[in-house]
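# Report on the structure
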Amino acid sequence: MDTILVTGGTGYIGSHTVVELINEGFRALIVDDLSNSNIEVLDGIEKITGVRPGFEKMDICNGPLLKSFMDRHKDITAIIHFAASKSVEESVGKPLKYYRNNLVSLMNLLEEMQTGSVSNLVFSSSCTVYGQPDKLPVTESAPVKKAESPYGNTKKISEDIIADCIKADNSLKSISLRYFNPIGAHPSALIGELPGGIPDNLVPFITQTAIGMRKEIKVFGGDYNTSDGSCIRDYLHVTDLAKAHVVAIKRLLEKRNKSNYEVFNLGTGKGVSVLEVIKTFERANSLTLNYKITGRRAGDIEQVWADTSLANSELGWKAESSLEEALISAWKWEQHYRKKYK
Ligand code: NAD
Ligand code: WQD
(Lines give C-alpha, C1' and ligand atoms only; values in the text may rest on other atoms or scores of the structure.)
(Ligands and ions follow the chains in the order given, each with its own letter.)
Protein backbone atom coordinates (compact mmCIF):
# COMPACT_ATOMS: atom_id res chain seq x y z
CA MET A 1 0.00 0.00 0.00
CA ASP A 2 1.54 3.32 -1.08
CA THR A 3 1.73 6.12 1.47
CA ILE A 4 0.85 9.54 0.11
CA LEU A 5 1.86 12.69 1.99
CA VAL A 6 -0.96 15.24 1.75
CA THR A 7 0.12 18.74 2.79
CA GLY A 8 -2.88 20.89 3.70
CA GLY A 9 -4.88 17.66 3.99
CA THR A 10 -7.37 18.97 6.56
CA GLY A 11 -8.29 21.85 4.21
CA TYR A 12 -11.21 21.98 1.80
CA ILE A 13 -9.83 20.21 -1.27
CA GLY A 14 -7.25 18.23 0.72
CA SER A 15 -9.83 16.56 2.98
CA HIS A 16 -11.96 15.45 0.02
CA THR A 17 -8.83 14.11 -1.68
CA VAL A 18 -7.81 12.15 1.42
CA VAL A 19 -11.25 10.46 1.33
CA GLU A 20 -10.75 9.46 -2.32
CA LEU A 21 -7.18 8.26 -1.67
CA ILE A 22 -8.39 6.03 1.18
CA ASN A 23 -11.30 4.78 -0.97
CA GLU A 24 -8.75 3.76 -3.63
CA GLY A 25 -6.60 1.83 -1.14
CA PHE A 26 -3.86 4.39 -0.43
CA ARG A 27 -2.53 5.28 3.00
CA ALA A 28 -2.88 9.03 3.49
CA LEU A 29 -0.58 10.95 5.80
CA ILE A 30 -1.58 14.56 6.45
CA VAL A 31 0.56 17.47 7.54
CA ASP A 32 -1.26 20.72 8.21
CA ASP A 33 -0.62 23.67 10.52
CA LEU A 34 -4.40 24.13 10.96
CA SER A 35 -4.05 27.82 10.00
CA ASN A 36 -7.17 27.49 7.84
CA SER A 37 -8.75 24.21 8.91
CA ASN A 38 -9.99 22.29 11.89
CA ILE A 39 -8.70 19.08 13.49
CA GLU A 40 -12.29 17.73 13.61
CA VAL A 41 -12.07 17.25 9.84
CA LEU A 42 -10.23 14.01 10.71
CA ASP A 43 -13.41 12.75 12.42
CA GLY A 44 -15.41 13.46 9.26
CA ILE A 45 -12.88 11.59 7.10
CA GLU A 46 -12.94 8.66 9.51
CA LYS A 47 -16.75 8.52 9.53
CA ILE A 48 -16.88 8.49 5.73
CA THR A 49 -14.09 5.99 5.09
CA GLY A 50 -13.81 4.00 8.33
CA VAL A 51 -10.11 4.90 8.40
CA ARG A 52 -8.46 7.68 10.40
CA PRO A 53 -5.63 9.16 8.32
CA GLY A 54 -2.24 9.80 9.88
CA PHE A 55 -1.87 13.44 10.95
CA GLU A 56 0.88 15.71 12.18
CA LYS A 57 0.39 19.40 12.97
CA MET A 58 3.25 21.18 11.27
CA ASP A 59 4.09 24.36 9.42
CA ILE A 60 5.95 23.05 6.39
CA CYS A 61 7.73 26.39 6.03
CA ASN A 62 9.79 25.11 8.96
CA GLY A 63 12.54 23.27 7.03
CA PRO A 64 14.17 21.39 9.96
CA LEU A 65 10.76 20.16 11.19
CA LEU A 66 9.83 18.97 7.70
CA LYS A 67 13.20 17.24 7.34
CA SER A 68 12.78 15.38 10.61
CA PHE A 69 9.24 14.38 9.56
CA MET A 70 10.46 13.05 6.18
CA ASP A 71 13.29 11.16 7.93
CA ARG A 72 10.67 9.44 10.12
CA HIS A 73 8.42 8.56 7.15
CA LYS A 74 10.59 6.80 4.59
CA ASP A 75 7.49 4.95 3.36
CA ILE A 76 6.11 8.04 1.54
CA THR A 77 6.09 7.46 -2.23
CA ALA A 78 4.36 10.64 -3.45
CA ILE A 79 3.28 14.06 -2.24
CA ILE A 80 0.15 16.06 -2.97
CA HIS A 81 0.89 19.66 -2.05
CA PHE A 82 -2.25 21.63 -1.15
CA ALA A 83 -0.88 23.69 1.76
CA ALA A 84 -0.98 27.38 0.87
CA SER A 85 -2.67 30.62 1.80
CA LYS A 86 -5.45 31.22 -0.73
CA SER A 87 -7.28 34.53 -0.30
CA VAL A 88 -6.80 36.71 -3.37
CA GLU A 89 -7.97 39.80 -1.48
CA GLU A 90 -5.78 39.22 1.60
CA SER A 91 -2.76 38.64 -0.63
CA VAL A 92 -3.05 42.18 -2.03
CA GLY A 93 -2.67 43.66 1.47
CA LYS A 94 -0.19 41.06 2.78
CA PRO A 95 1.97 40.05 -0.19
CA LEU A 96 4.90 38.81 1.92
CA LYS A 97 2.67 36.41 3.87
CA TYR A 98 1.70 34.86 0.52
CA TYR A 99 5.15 34.81 -1.08
CA ARG A 100 6.65 33.34 2.10
CA ASN A 101 4.00 30.73 2.91
CA ASN A 102 3.28 29.57 -0.63
CA LEU A 103 6.84 29.58 -1.97
CA VAL A 104 8.93 28.56 1.08
CA SER A 105 6.63 25.58 1.72
CA LEU A 106 7.05 24.39 -1.87
CA MET A 107 10.83 24.92 -1.88
CA ASN A 108 11.18 23.00 1.40
CA LEU A 109 9.27 20.07 -0.09
CA LEU A 110 11.33 20.11 -3.29
CA GLU A 111 14.53 20.20 -1.25
CA GLU A 112 13.38 17.13 0.69
CA MET A 113 12.50 15.43 -2.59
CA GLN A 114 15.94 16.18 -4.06
CA THR A 115 17.81 14.80 -1.06
CA GLY A 116 15.38 12.02 -0.14
CA SER A 117 13.66 9.13 -1.82
CA VAL A 118 10.34 10.72 -2.88
CA SER A 119 10.24 11.66 -6.54
CA ASN A 120 6.53 12.26 -7.27
CA LEU A 121 4.68 15.55 -6.66
CA VAL A 122 1.15 16.65 -7.49
CA PHE A 123 0.77 20.41 -7.17
CA SER A 124 -2.37 22.53 -6.65
CA SER A 125 -2.30 25.22 -9.29
CA SER A 126 -5.09 27.45 -10.49
CA CYS A 127 -6.83 28.81 -13.57
CA THR A 128 -5.80 32.19 -12.16
CA VAL A 129 -2.53 31.75 -14.13
CA TYR A 130 -4.46 32.36 -17.39
CA GLY A 131 -5.90 35.76 -16.37
CA GLN A 132 -8.46 36.72 -19.04
CA PRO A 133 -7.57 34.28 -21.84
CA ASP A 134 -7.61 35.46 -25.45
CA LYS A 135 -9.42 32.28 -26.54
CA LEU A 136 -12.14 30.29 -24.78
CA PRO A 137 -12.31 27.55 -23.69
CA VAL A 138 -8.75 27.90 -22.43
CA THR A 139 -6.21 25.14 -23.10
CA GLU A 140 -3.05 24.34 -21.14
CA SER A 141 -0.95 25.85 -23.92
CA ALA A 142 -2.55 29.30 -23.56
CA PRO A 143 -0.05 31.91 -22.40
CA VAL A 144 0.32 32.48 -18.68
CA LYS A 145 -0.59 36.12 -18.07
CA LYS A 146 0.76 38.64 -15.60
CA ALA A 147 -0.90 37.77 -12.29
CA GLU A 148 -3.66 40.04 -10.95
CA SER A 149 -2.65 39.40 -7.32
CA PRO A 150 0.30 38.23 -5.21
CA TYR A 151 -1.68 35.00 -4.59
CA GLY A 152 -2.01 34.39 -8.33
CA ASN A 153 1.66 35.21 -8.79
CA THR A 154 2.64 32.55 -6.23
CA LYS A 155 0.90 29.91 -8.39
CA LYS A 156 2.72 31.07 -11.52
CA ILE A 157 6.09 31.21 -9.71
CA SER A 158 5.44 27.82 -8.08
CA GLU A 159 4.88 26.21 -11.47
CA ASP A 160 8.15 27.79 -12.69
CA ILE A 161 10.05 26.58 -9.61
CA ILE A 162 8.79 23.02 -10.12
CA ALA A 163 9.64 23.05 -13.83
CA ASP A 164 13.17 24.39 -13.13
CA CYS A 165 13.83 21.78 -10.42
CA ILE A 166 12.74 19.02 -12.80
CA LYS A 167 15.07 20.36 -15.51
CA ALA A 168 17.91 20.23 -13.01
CA ASP A 169 17.09 16.77 -11.63
CA ASN A 170 15.50 14.29 -13.99
CA SER A 171 14.63 11.88 -11.17
CA LEU A 172 11.83 14.27 -10.11
CA LYS A 173 8.34 14.07 -11.64
CA SER A 174 5.41 16.38 -11.13
CA ILE A 175 1.89 17.11 -12.31
CA SER A 176 0.43 20.59 -11.82
CA LEU A 177 -3.34 20.60 -11.73
CA ARG A 178 -4.93 23.93 -12.67
CA TYR A 179 -8.24 23.99 -10.86
CA PHE A 180 -11.10 26.14 -12.11
CA ASN A 181 -13.78 26.89 -9.46
CA PRO A 182 -14.25 24.03 -6.98
CA ILE A 183 -17.59 24.11 -5.14
CA GLY A 184 -19.79 21.84 -3.03
CA ALA A 185 -19.02 19.28 -0.38
CA HIS A 186 -18.91 15.54 0.19
CA PRO A 187 -22.48 14.21 -0.29
CA SER A 188 -22.46 12.92 3.31
CA ALA A 189 -22.02 16.55 4.52
CA LEU A 190 -19.42 15.24 6.95
CA ILE A 191 -16.68 17.37 5.37
CA GLY A 192 -16.85 20.58 3.34
CA GLU A 193 -15.49 24.09 3.03
CA LEU A 194 -14.81 26.05 6.25
CA PRO A 195 -14.55 29.70 5.19
CA GLY A 196 -13.33 32.05 7.92
CA GLY A 197 -15.03 35.47 8.20
CA ILE A 198 -16.95 36.89 5.26
CA PRO A 199 -16.50 34.53 2.30
CA ASP A 200 -14.84 35.91 -0.85
CA ASN A 201 -16.13 33.03 -2.95
CA LEU A 202 -19.56 32.96 -4.52
CA VAL A 203 -20.99 29.63 -3.32
CA PRO A 204 -20.17 30.00 0.40
CA PHE A 205 -21.68 33.50 0.17
CA ILE A 206 -24.83 32.02 -1.38
CA THR A 207 -25.20 29.31 1.29
CA GLN A 208 -24.58 31.81 4.11
CA THR A 209 -27.27 34.06 2.64
CA ALA A 210 -29.66 31.13 2.34
CA ILE A 211 -29.15 30.26 6.01
CA GLY A 212 -29.74 33.87 7.08
CA MET A 213 -26.20 34.94 8.01
CA ARG A 214 -26.00 37.49 5.17
CA LYS A 215 -28.74 39.86 4.06
CA GLU A 216 -28.20 39.59 0.34
CA ILE A 217 -25.83 38.38 -2.34
CA LYS A 218 -24.12 41.08 -4.33
CA VAL A 219 -23.71 40.04 -7.94
CA PHE A 220 -20.47 41.79 -8.87
CA GLY A 221 -21.31 43.37 -12.22
CA GLY A 222 -24.29 43.08 -14.54
CA ASP A 223 -22.76 44.85 -17.53
CA TYR A 224 -20.15 42.35 -18.71
CA ASN A 225 -20.13 41.24 -22.31
CA THR A 226 -21.84 37.92 -21.47
CA SER A 227 -25.32 36.52 -22.19
CA ASP A 228 -26.85 37.94 -18.96
CA GLY A 229 -24.19 40.54 -18.08
CA SER A 230 -22.70 38.64 -15.11
CA CYS A 231 -19.27 36.94 -15.06
CA ILE A 232 -18.76 33.39 -16.29
CA ARG A 233 -16.73 30.67 -14.54
CA ASP A 234 -16.29 26.90 -14.68
CA TYR A 235 -17.64 25.45 -11.41
CA LEU A 236 -16.70 21.85 -10.61
CA HIS A 237 -17.76 19.56 -7.77
CA VAL A 238 -14.98 19.18 -5.20
CA THR A 239 -15.41 15.37 -5.14
CA ASP A 240 -14.72 15.24 -8.89
CA LEU A 241 -11.67 17.42 -8.32
CA ALA A 242 -10.52 15.16 -5.48
CA LYS A 243 -10.76 12.08 -7.73
CA ALA A 244 -8.50 13.74 -10.31
CA HIS A 245 -5.71 13.82 -7.71
CA VAL A 246 -5.91 10.06 -7.25
CA VAL A 247 -5.70 9.65 -11.03
CA ALA A 248 -2.64 11.94 -11.16
CA ILE A 249 -0.94 10.05 -8.31
CA LYS A 250 -1.53 6.70 -10.05
CA ARG A 251 -0.17 8.12 -13.32
CA LEU A 252 3.08 9.12 -11.57
CA LEU A 253 3.45 5.94 -9.51
CA GLU A 254 2.72 3.72 -12.52
CA LYS A 255 5.11 5.82 -14.65
CA ARG A 256 2.46 6.57 -17.26
CA ASN A 257 3.43 10.26 -17.46
CA LYS A 258 4.61 11.42 -20.91
CA SER A 259 7.08 13.95 -19.57
CA ASN A 260 8.53 14.63 -16.14
CA TYR A 261 6.43 17.78 -15.81
CA GLU A 262 2.82 17.80 -16.94
CA VAL A 263 0.02 20.36 -16.56
CA PHE A 264 -3.72 19.67 -16.72
CA ASN A 265 -6.83 21.85 -16.55
CA LEU A 266 -9.47 20.55 -14.15
CA GLY A 267 -12.93 21.91 -14.80
CA THR A 268 -16.21 20.81 -16.35
CA GLY A 269 -15.57 22.48 -19.70
CA LYS A 270 -18.76 24.51 -19.28
CA GLY A 271 -19.03 28.21 -18.49
CA VAL A 272 -21.84 29.29 -16.14
CA SER A 273 -22.78 32.85 -15.18
CA VAL A 274 -23.16 34.14 -11.62
CA LEU A 275 -26.90 34.64 -12.18
CA GLU A 276 -27.21 31.07 -13.50
CA VAL A 277 -25.50 29.76 -10.35
CA ILE A 278 -27.96 31.69 -8.17
CA LYS A 279 -30.98 30.48 -10.14
CA THR A 280 -29.75 26.88 -10.19
CA PHE A 281 -29.19 27.00 -6.42
CA GLU A 282 -32.75 28.29 -5.91
CA ARG A 283 -34.25 25.62 -8.16
CA ALA A 284 -32.17 22.70 -6.87
CA ASN A 285 -32.83 23.49 -3.21
CA SER A 286 -36.37 24.92 -3.54
CA LEU A 287 -35.28 28.22 -1.97
CA THR A 288 -35.49 31.88 -2.86
CA LEU A 289 -32.36 33.98 -2.53
CA ASN A 290 -32.11 37.68 -1.93
CA TYR A 291 -29.66 39.13 -4.45
CA LYS A 292 -28.90 42.37 -6.22
CA ILE A 293 -26.66 43.37 -9.07
CA THR A 294 -23.96 45.81 -7.91
CA GLY A 295 -20.72 47.24 -9.29
CA ARG A 296 -17.89 45.10 -10.62
CA ARG A 297 -15.32 43.63 -8.19
CA ALA A 298 -11.78 44.93 -8.77
CA GLY A 299 -9.54 42.39 -10.46
CA ASP A 300 -12.36 40.11 -11.67
CA ILE A 301 -11.98 38.69 -15.12
CA GLU A 302 -15.06 38.59 -17.34
CA GLN A 303 -15.18 34.95 -18.35
CA VAL A 304 -13.14 31.79 -18.20
CA TRP A 305 -13.84 28.13 -18.64
CA ALA A 306 -11.65 25.13 -19.27
CA ASP A 307 -10.84 23.10 -22.31
CA THR A 308 -10.68 19.76 -20.52
CA SER A 309 -9.81 17.59 -23.52
CA LEU A 310 -6.25 16.94 -22.29
CA ALA A 311 -7.44 15.78 -18.85
CA ASN A 312 -10.18 13.70 -20.53
CA SER A 313 -7.86 11.96 -22.99
CA GLU A 314 -4.58 11.74 -21.05
CA LEU A 315 -5.76 11.31 -17.47
CA GLY A 316 -8.99 9.57 -18.43
CA TRP A 317 -10.69 11.94 -15.98
CA LYS A 318 -13.92 13.84 -16.50
CA ALA A 319 -16.03 15.88 -14.08
CA GLU A 320 -19.16 13.73 -13.55
CA SER A 321 -21.38 15.74 -11.19
CA SER A 322 -23.87 18.37 -12.31
CA LEU A 323 -24.01 21.94 -11.06
CA GLU A 324 -27.30 21.03 -9.32
CA GLU A 325 -25.64 18.18 -7.42
CA ALA A 326 -22.77 20.41 -6.36
CA LEU A 327 -25.15 23.14 -5.14
CA ILE A 328 -27.34 20.64 -3.26
CA SER A 329 -24.24 19.31 -1.48
CA ALA A 330 -23.08 22.87 -0.68
CA TRP A 331 -26.44 23.65 0.96
CA LYS A 332 -26.53 20.37 2.88
CA TRP A 333 -23.02 21.07 4.18
CA GLU A 334 -23.89 24.65 5.21
CA GLN A 335 -26.78 23.38 7.34
CA HIS A 336 -24.67 20.61 8.89
CA TYR A 337 -21.73 22.98 9.51
CA ARG A 338 -23.85 25.60 11.31
CA LYS A 339 -25.18 22.92 13.67
CA LYS A 340 -21.77 21.38 14.33
CA TYR A 341 -19.25 24.24 14.42
CA LYS A 342 -21.26 27.28 15.52
P1 NAD B 1 -7.72 25.48 2.35
O2 NAD B 1 -7.27 26.76 2.99
O3 NAD B 1 -9.02 24.93 2.75
O4 NAD B 1 -6.60 24.35 2.57
C5 NAD B 1 -5.23 24.64 2.67
C6 NAD B 1 -4.72 23.96 3.93
O7 NAD B 1 -3.32 24.20 4.05
C8 NAD B 1 -5.37 24.47 5.21
O9 NAD B 1 -5.84 23.38 5.96
C10 NAD B 1 -4.24 25.20 5.95
O11 NAD B 1 -4.38 25.09 7.35
C12 NAD B 1 -3.02 24.50 5.42
N13 NAD B 1 -1.77 25.29 5.39
C14 NAD B 1 -1.58 26.54 4.89
N15 NAD B 1 -0.29 26.89 5.03
C16 NAD B 1 0.36 25.84 5.62
C17 NAD B 1 1.69 25.60 6.02
N18 NAD B 1 2.64 26.52 5.85
N19 NAD B 1 1.99 24.41 6.58
C20 NAD B 1 1.03 23.46 6.75
N21 NAD B 1 -0.26 23.63 6.40
C22 NAD B 1 -0.58 24.82 5.85
O23 NAD B 1 -7.64 25.71 0.78
P24 NAD B 1 -8.21 24.81 -0.41
O25 NAD B 1 -9.35 25.53 -1.01
O26 NAD B 1 -8.38 23.42 0.04
O27 NAD B 1 -7.01 24.91 -1.43
C28 NAD B 1 -6.00 23.92 -1.50
C29 NAD B 1 -4.99 24.32 -2.56
O30 NAD B 1 -5.65 24.49 -3.80
C31 NAD B 1 -4.28 25.64 -2.29
O32 NAD B 1 -2.94 25.51 -2.73
C33 NAD B 1 -5.02 26.62 -3.15
O34 NAD B 1 -4.22 27.72 -3.51
C35 NAD B 1 -5.34 25.75 -4.35
N36 NAD B 1 -6.51 26.22 -5.13
C37 NAD B 1 -7.71 26.39 -4.50
C38 NAD B 1 -8.81 26.82 -5.24
C39 NAD B 1 -10.15 27.07 -4.58
O40 NAD B 1 -10.98 27.75 -5.19
N41 NAD B 1 -10.39 26.58 -3.37
C42 NAD B 1 -8.68 27.05 -6.62
C43 NAD B 1 -7.44 26.85 -7.22
C44 NAD B 1 -6.35 26.43 -6.46
C1 WQD C 1 -16.86 33.64 -8.78
C2 WQD C 1 -17.75 34.64 -9.50
C3 WQD C 1 -17.37 36.94 -8.85
C4 WQD C 1 -18.79 36.54 -4.74
C5 WQD C 1 -11.19 32.79 -7.10
C6 WQD C 1 -9.72 33.08 -7.24
C7 WQD C 1 -9.06 32.05 -8.11
C8 WQD C 1 -9.40 30.64 -7.64
C9 WQD C 1 -10.86 30.44 -7.44
C10 WQD C 1 -7.67 29.87 -6.18
C11 WQD C 1 -17.00 35.90 -9.91
C12 WQD C 1 -18.77 36.49 -8.47
C13 WQD C 1 -18.42 36.29 -6.04
C14 WQD C 1 -19.92 37.36 -4.50
C15 WQD C 1 -20.25 37.58 -6.86
N16 WQD C 1 -8.81 30.35 -6.38
N17 WQD C 1 -19.14 36.80 -7.09
N18 WQD C 1 -20.62 37.85 -5.57
O19 WQD C 1 -13.01 35.00 -8.51
O20 WQD C 1 -13.52 33.06 -10.04
O21 WQD C 1 -11.77 32.83 -8.38
O22 WQD C 1 -11.36 31.47 -6.58
O23 WQD C 1 -6.76 29.70 -6.95
O24 WQD C 1 -7.69 32.30 -8.06
O25 WQD C 1 -9.56 34.37 -7.82
O26 WQD C 1 -14.10 32.88 -7.61
O27 WQD C 1 -15.98 32.42 -6.10
O28 WQD C 1 -14.67 34.57 -5.79
O29 WQD C 1 -16.14 34.32 -7.76
O30 WQD C 1 -20.89 38.06 -7.79
O31 WQD C 1 -20.27 37.66 -3.34
O32 WQD C 1 -18.77 35.09 -8.58
O33 WQD C 1 -17.40 38.24 -9.35
O34 WQD C 1 -17.52 36.28 -11.13
P35 WQD C 1 -13.13 33.55 -8.70
P36 WQD C 1 -15.22 33.53 -6.71
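This text follows the structure it describes.
Described in the following lines is the structure provided in the data block. (Residues numbered from 1 in each chain as written. Chains lettered and ligands numbered in written order. Predicted model: local features only at pLDDT ≥ 70, side-chain atom pairs only at ≥ 80, totals over all residues. Heavy atoms only, no water.)

### Considering the site of ligand 2
Here is the rule: Any residue with a heavy atom lying within 4 Å of a molecule or strand is counted as near it. Think of a polar contact as two N or O atoms within 3.5 Å of one another; within protein, one of them needs to be a possible hydrogen donor and the other a possible acceptor, and neighboring residues in sequence only count if both atoms come from side chains. Only the protein chains shown count as cover for residues, with accessible areas throughout obtained via the Shrake-Rupley method and a probe of 1.4 Å. Where helices and strands are cited, they refer to DSSP runs of H or I of at least four residues and of E of at least two residues respectively, numbered from the N terminus. Each residue gets one of three labels, nonpolar for Ala, Val, Leu, Ile, Met, Phe, Trp, Tyr, Cys and Pro, charged for Asp, Glu, Lys and Arg, and polar for the others, Gly among them.
Close to ligand 2 lie 18 residues, the nearest being Ser 126, Tyr 151, Lys 218, Arg 233 and Asp 300. Measuring from an oxygen atom of ligand 2, one finds a side-chain N or O atom of Arg 297 at 2.8 Å. In the complex, the protein chains occlude 88% of the 690 Å² of accessible area that ligand 2 would expose alone. Elements with a minimum of two residues in the shell around ligand 2: α7 (202–210) and β8 (217–220). Here the shell around ligand 2 gets 3 residues from one element, more than from any other, and that element is β8. Across the shell around ligand 2, the residue classes tally to 9 nonpolar, 4 polar and 5 charged.

### Let's talk about helix α1 (residues 12–23)
Rules: Given the number of residues in a helix, its expected span is that number minus one, multiplied by 1.5 Å. Exposure categories follow from relative accessible area, calculated using a 1.4 Å probe and restricted to protein chains: below 20% of the type maximum is buried, above 50% is exposed, and the middle band is partly exposed.
If you check α1, its first and last C-alpha atoms are 17 Å apart, about what 12 residues at 1.5 Å a residue would give, namely 16 Å. α1 sits mainly inside the fold: 11 of its 12 residues count as buried. Here α1 has its buried residues at Tyr 12, Ile 13, Gly 14, Ser 15, His 16, Thr 17, Val 18, Val 19, Glu 20, Leu 21 and Ile 22. Just beyond α1, the residue with positive phi is Gly 25, at close to 90°.

### Concerning empty space enclosed by the protein
For clarity, the cut-off: Definitions used throughout: a 1 Å grid over protein atoms alone; a cavity as a set of points that fits a 1.4 Å probe which cannot get out; a pocket as an open set with protein on both sides within 12 Å along at least five of seven lines; a lining residue as one with an atom within 4 Å of a point. Grid points are joined across faces, edges and corners, and a volume is the space filled by probe spheres set on the points.
Going through the model one piece at a time under the given rule, you end up with 3 cavities of 30 Å³ or more. Estimates place the volume of the largest cavity at around 90 Å³. Contributing to the lining of the largest cavity are Tyr 12, Gly 184, Glu 193, Pro 195, Val 203, Pro 204, Thr 207, Ala 330, Trp 333 and Glu 334. Among the elements of the structure, α7 and α11 (323–341) are those that each provide at least two residues to the lining of the largest cavity. In terms of residue class, the lining of the largest cavity is made up of 6 nonpolar, 2 polar and 2 charged. Of the voids in this model, the second largest cavity is the one considered here, and its volume is about 40 Å³. Lining the second largest cavity are His 81, Phe 82, Ala 83, Ala 84, Asn 102, Phe 123, Lys 155 and Ser 158.

### Quick notes on the site of ligand 1
For ligand 1, the set of nearby residues contains 27 residues, the closest of which are Asp 32, Asn 36, Ser 37, Asn 101 and Tyr 151. Measuring from an oxygen atom of ligand 1, one finds a backbone N or O atom of Phe 82 at 2.8 Å. Between ligand 1 and Tyr 151, the relevant distance is 2.6 Å, taken from an oxygen atom to a side-chain nitrogen or oxygen of the residue. Summarising the interface, the protein chains cover 95% of the accessible area of ligand 1, which totals 820 Å² for the free molecule. Those elements that provide at least two residues to the shell around ligand 1 are α1, β5 (120–126) and α6 (150–168). Ranked by the residues each element gives to the shell around ligand 1, the list is headed by β5, at 3 residues. In the shell around ligand 1, the residues fall into 12 nonpolar, 10 polar and 5 charged.

### Description of the pairing of strand β11 (residues 261–266)
The buried count for β11 comes to 6 of 6 residues, which makes it a mostly enclosed element. With burial as the criterion, each face of β11 is covered, one bearing Tyr 261, Val 263 and Asn 265 and the other bearing Glu 262, Phe 264 and Leu 266.

### Remarks on the packing of α7 against helix α9 (residues 274–285)
We count it as follows: For helices, the axis comes from a line fit to the C-alpha atoms of the stretch in contact; other axes are also lines fit to C-alpha atoms, and the angle between any two N-to-C directions lies between 0 and 180 degrees. For classification, angles of less than 35 degrees are called roughly parallel, those exceeding 145 degrees roughly antiparallel, those between 65 and 115 degrees roughly perpendicular, and all remaining angles oblique. It is the rotation of the near helix from the far one that decides the hand of a crossing: anticlockwise by less than a right angle makes it left-handed, clockwise makes it right-handed. Contacts are assigned to residue pairs that have any heavy atoms within 4.5 Å of one another.
In contact at an axis separation of 11 Å, α7 and α9 are set at 40° when each is read in the N-to-C sense. Between α7 and α9, the angle is such that the two are oblique. When you trace α7 past α9, the crossing you get is right-handed. On α9, the residues that touch Leu 202, Val 203, Ile 206, Thr 207 and Ala 210 of α7 are Val 274, Val 277, Ile 278 and Phe 281.

### Describing unusual backbone geometry
The omega angle of the peptide bond from Leu 136 to Pro 137 is -5°, so this bond is cis rather than trans. You can see Pro 137 is positioned in the loop between β5 and α6. For Leu 34, which is not glycine, the phi dihedral falls at a positive 60°. Counting through the fold element by element, Leu 34 comes out in the loop between β2 (27–32) and α2 (41–49).

### Brief notes about the packing of helix α5 (residues 95–115) against α6
With their axes 9 Å apart at the nearest point, α5 and α6 run at an angle of 20° to one another. Between α5 and α6, the angle is such that the two are roughly parallel. Pair α5 / α6 crosses with right-handed handedness. Seen from α5, the contacting residues are Pro 95, Tyr 98, Tyr 99, Asn 102, Leu 103, Leu 106, Met 107, Leu 110 and Gln 114; seen from α6, they are Pro 150, Tyr 151, Asn 153, Thr 154, Ile 157, Ser 158, Ile 161, Ile 162 and Cys 165. For the contact of α5 with α6, the per-class residue count stands at 13 nonpolar, 5 polar and no charged.

### Quick word on the sheet that holds β2
The strands that make up a sheet are held in pairs by hydrogen bonds between backbone atoms, and each pair lies either parallel or antiparallel. Threshold: The pairing criterion is simple: DSSP has to find at least two bridges between the two strands.
The sheet built from 7 strands is open, its strands ordered β3-β2-β1-β4-β5-β6-β11 with parallel pairing. Single-partner strands in this sheet number two, and they are β3 (54–57) and β11. Averaged over all adjacent pairs, the angle separating strand axes in this sheet is 20°, with direction ignored. Relative to β2, strand β1 (residues 3–7) runs parallel, the two being bridged by 5 bridges. The residue of β2 that forms the bridge with Val 6 is Ile 30. Most of the contacts of helix α3 (residues 63–72) go to strand β4 (residues 76–81), to which it runs at about 145°, and overall it touches β1, β2, β3 and β4. The sheet strands contacting α6 are β5, β6 (173–179) and β11, and the helix crosses β5 at an angle near 155°.

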